[in-house]
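# Structure assessment
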Amino acid sequence: MRKIGRFTIGGLQTKILNLCIILVISTIVVFAIVGIVQLRSVSKLAKTTAEEQNETIQEISQESMMEITKDSMLQTAKLATRNSNNVFWTMERDFSVLGEQVQDVFENPENYTETSVEAPKQENDGKYVLQVMYAEEEAKTDADTQYIIKRLANLEPMMREIVKGNSDYVMDCYIALPNGTTLAMDNTSGGKLDDEGELQEYDPRTRDWYTGAVKSKEMYFSSAIHSFFYDVSEVVFGLPIYEDGELVAVVEGSMKLDSLQELVSQVTIGQYGFSVLLSADGQLVYSPRTEGELAMDEQISTDIRGTVNENLNSVIKQAMAGRTSFAKTYLDDEAYYVAYAPIETTGWSQIMFVPKERLESSTTELIDEVNQVSDDAVKDYAGVLGKSLILTVIVLVLLILNAVIVSILFSSKLLKPINVMTTKVKEIRGGNLFFKKEKIYETGDEIEVLADAFEDLSERSKSYVKELMAVTAEKERIGTELSVATGIQAGMLPSTFPMYPERTQFDVYASMTPAKEVGGDFYDIFMVDDDHLALVMADVSGKGIPAALFMVVSKTLIKNRTMMGGTPAEILADVNNQLIEGNESDMFVTVWLGILTISTGHMIEANAGHENPVIRHENGEVELLERKHGFVLGGMEGMRYKDDEFDLAPGDAIFVYTDGVPEATDANEQLFGSERMMSAIKNAPDGTPEKLLESVRADVEEFVGEAPQFDDLTMLAMKFTG
């Protein structure tokens, strides 16, 4: 760079000036070229545009309108069926959940209390109450029927919520037994009584929803029928419930046909479009037509599959086949465009009709309007473009003169504070971190902001050096404390093996590898008395120091309570109540506790939300002991747990672990999983429990590879020799 007076040749000042001149000249050239070309072609364009546009529109308008009509009707049909399907899907989901609860009552009736339920009463009319009806008189005194009915009555809140929460669509909810006994939830108790106040005879086994569900063995949606108790038409569905392959109940729900028809009629195309709803068996469920080929009769039994209208019949067949499509047909001797799509949940179809004449009536009007707009636009464009080009050239010439003057006058003032700042910043090095804002930097723009930033950076750099030294010292102190905590935790777990060398009836080994310096997993092995060995495997929620502290408390309570005697279930129940006291941090622990009778190989175990243990039998076969788990310890006061018992044969080994084993994750975020764990146990060489754990750990490490360990890896194995 060299200077000529105040002007620097080759510096930013020169570059700013060159940039301004080049930018303005380039813009002028581009505008000039574009303007000349457009001015020469605009007259020719004005003459030919109207003719070509009119001709083109006439050629493609019909095709375009057809495509638009097709796309619009297909999208509307899909939207309409999606709305209908959402309602049916919601009902299917709610009643499926109710079905699962009904099945649980049959499978685990002991978990439910006896709850009384009465027959329909007039005073309950208008209230959502649970009622019982009998198709057979003997069922009123049958002990088995009364036993299950009183336990099914526990589902009253769920049934009420399904009906009351979906009252816009759902009329009632029934649970019918194979002997005809029915639990009914609705708000129309009075409708089940005759004029003399006597209960009407009702046998659900004769109803279409019951027989259809039993025959299909899955959720069954009936065609539209007249209600048994109410003077309305309805669509009813049934869900069969099985226990060990035997039918034990059918869950029923119904929807008012009026509600369904209102839902279907909400989505239409234009003023003259309409929709019809067709069931899977060809029944016309809904049609707004009162006469003609799509008119509904009062018995809502119109079957339109056999219509003599071949065009319409073809559309119906395609719709019933579950297809989504668009077609042209004739209805009552008038041409229509139709679009249809399936309702997935029920297997029904919705067909939308729009008169062809109404859709095409606007095509001619559209062509005339477009022609007029095009003519006016071309004329206006030609006039405005010429004036704009002249004005633009004048403005750009003035801009280039202004750019030269501005760049020369102000570039020097702009660059002076930058040059001073550059010199000061170069002086910042080593121990010199000082930068102070001077008056020259007070420009009121980004230069002043940059100077403020440098000054702030200078001050913060000094503070960061001091803070860095303090943080480093603190990290060293925390590291030392964590190292001590790791040693303390490791010292609390049994680590000297063999633990009982004088005992030849069993061999036991365990290991724990924490994911952090200290972890939340722990295990314990101790003799309760001369003939009983206790095994504990547990996993505390969370990681780090809080989990380690909770682990110490939990391990101590479990061992102390076990030494007092009792079954594993009793021990876990007492420890749970102790952990609840003062547990303000809401921590919890999953625990598996097993007590082995050494002389017989008999094992009693209880599980508080922990992983299922695995038995490797003497013949090499591996078995996952899947039992019903109790709730975690420390989660809820007063929980009860269940004892499970099994026998170990000589040579059998039991393997217990925390979730860090099956949930070990590789670099592709794939889990090690229970199947790989079972395979690793099975393929481990026969030998001591220590060899078994080493083999499983090796398989886990090979699977995980270089991926970091996210959870504690804790395992325990005990081999019973007899």
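Since this is a predicted model, take the numbers as computed values, not measurements.

Rules used in this analysis
- Residues numbered from 1 in each chain as written.
- Predicted model: local features only at pLDDT ≥ 70, side-chain atom pairs only at ≥ 80, totals over all residues.
- Heavy atoms only, no water.
- Buried < 20%, exposed > 50% of the residue type's maximum accessible area, 1.4 Å probe, protein only.
- Helix = DSSP H or I, 4+ residues; strand = E, 2+ residues; numbered from the N terminus.
- Contact = heavy atoms within 4.5 Å.
- Patch = residues over 30% accessible without salt bridge, like charges linked within 9 Å, V, L, I, M, F, W, Y side chains within 5 Å.
- Areas by Shrake-Rupley, 256 points an atom, 1.4 Å probe, with all protein chains shown as cover.
- Salt bridge = Lys/Arg side-chain N within 4 Å of Asp/Glu carboxyl O.
- Core = buried A, V, L, I, M, F, W, Y, C linked by side-chain atoms within 4.5 Å.
- Expected span 1.5 Å × (residues − 1).
- Pairing = 2+ DSSP bridges.
- Axes fitted to C-alpha atoms, helices over the stretch in contact; angles between N-to-C directions.
- Parallel < 35°, antiparallel > 145°, perpendicular 65-115°, else oblique.
- Left-handed = near helix turned anticlockwise from the far one by under 90°.
- Nonpolar A, V, L, I, M, F, W, Y, C, P; charged D, E, K, R; others polar.

On to helix α4 (residues 208–216), then. When α4 is considered as a whole, its buried residues turn out to be Trp 209, Tyr 210, Gly 212 and Ala 213. Contact partners of the buried residues in α4: β4 (170–176), β6 (220–226), β7 (233–243) and β8 (246–256). Phi turns positive, to about 60°, at Lys 217, one or two residues after α4.

Glancing now at a nonpolar patch on the surface. Residues Ile 390, Ile 394, Val 397, Leu 398 and Leu 401 make up a contiguous nonpolar surface patch of about 490 Å² in total accessible area. Mapping Leu 401 onto the fold places it in helix α8 (residues 362–426).

Looking now at the nonpolar core. If you look at the biggest cluster of nonpolar residues, it comprises 52 residues, and the most contacted ones within it are Leu 533, Leu 535 and Met 718. Per element, the largest residue contribution to this core is 7 residues, and it comes from strand β16 (residues 532–540). Dropping the residues within four chain positions of it, Leu 535 is found in contact with Val 508, Asp 524, Ile 525, Trp 592, Leu 593, Gly 594, Met 603, Ile 654, Leu 716 and Met 718. With 46 residues, the next largest nonpolar core counts Val 132, Ile 162, Ala 224 and Val 235 among its residues.

On to helix α10 (residues 544–563), then. Over its 20 residues, α10 runs 29 Å from end to end, which matches the ideal 28 Å to within 8%, given 1.5 Å per residue. One or two residues past the end of α10 sits Gly 565, with phi positive at roughly 100°.

Across the 8 residues of strand β13 (residues 348–355), 8 count as buried, placing the element largely inside the fold. Neither face of β13 is exposed, since Trp 348, Gln 350, Met 352 and Val 354 on one face and Ser 349, Ile 351, Phe 353 and Pro 355 on the opposite face are all buried. Taken together, the 5 bridges between strand β9 (residues 274–278) and β13 define a ladder with antiparallel strand orientation. Note that in β13 the partner of Leu 278 across the bridge is Ser 349. Taken together, the 8 bridges between strand β12 (residues 334–343) and β13 define a ladder with antiparallel strand orientation.

So, on to unusual backbone geometry. Between Phe 497 and the following residue, Pro 498, the backbone shows a cis peptide bond with an omega angle of 0°. Residue placement: Pro 498 occurs in the loop between α9 (446–492) and β14 (506–513). In this model, Asp 333 sits at a positive phi of 65°, which is unusual for a non-glycine residue. Residue position: Asp 333 is located in the loop between β11 (325–331) and β12. We classify Asp 333 as exposed; its relative accessible area is 80%. Even without being a glycine, Asp 586 presents a positive backbone phi close to 55°. One can find Asp 586 in the loop between α11 (568–580) and β17 (589–597).

What follows deals with the packing of helix α12 (residues 673–683) against helix α13 (residues 689–704). Running from N to C, α12 and α13 point in directions that differ by 140°, and their axes come no closer than 9 Å. In terms of axis orientation, α12 runs oblique to α13. Handedness of the α12/α13 crossing: right-handed. Of the residues in α13, those in contact with Arg 676, Ala 680 and Ile 681 of α12 are Leu 692, Ser 695, Val 696, Asp 699 and Phe 703. Counted by class, the contact of α12 with α13 contains 5 nonpolar, 1 polar and 2 charged residues.

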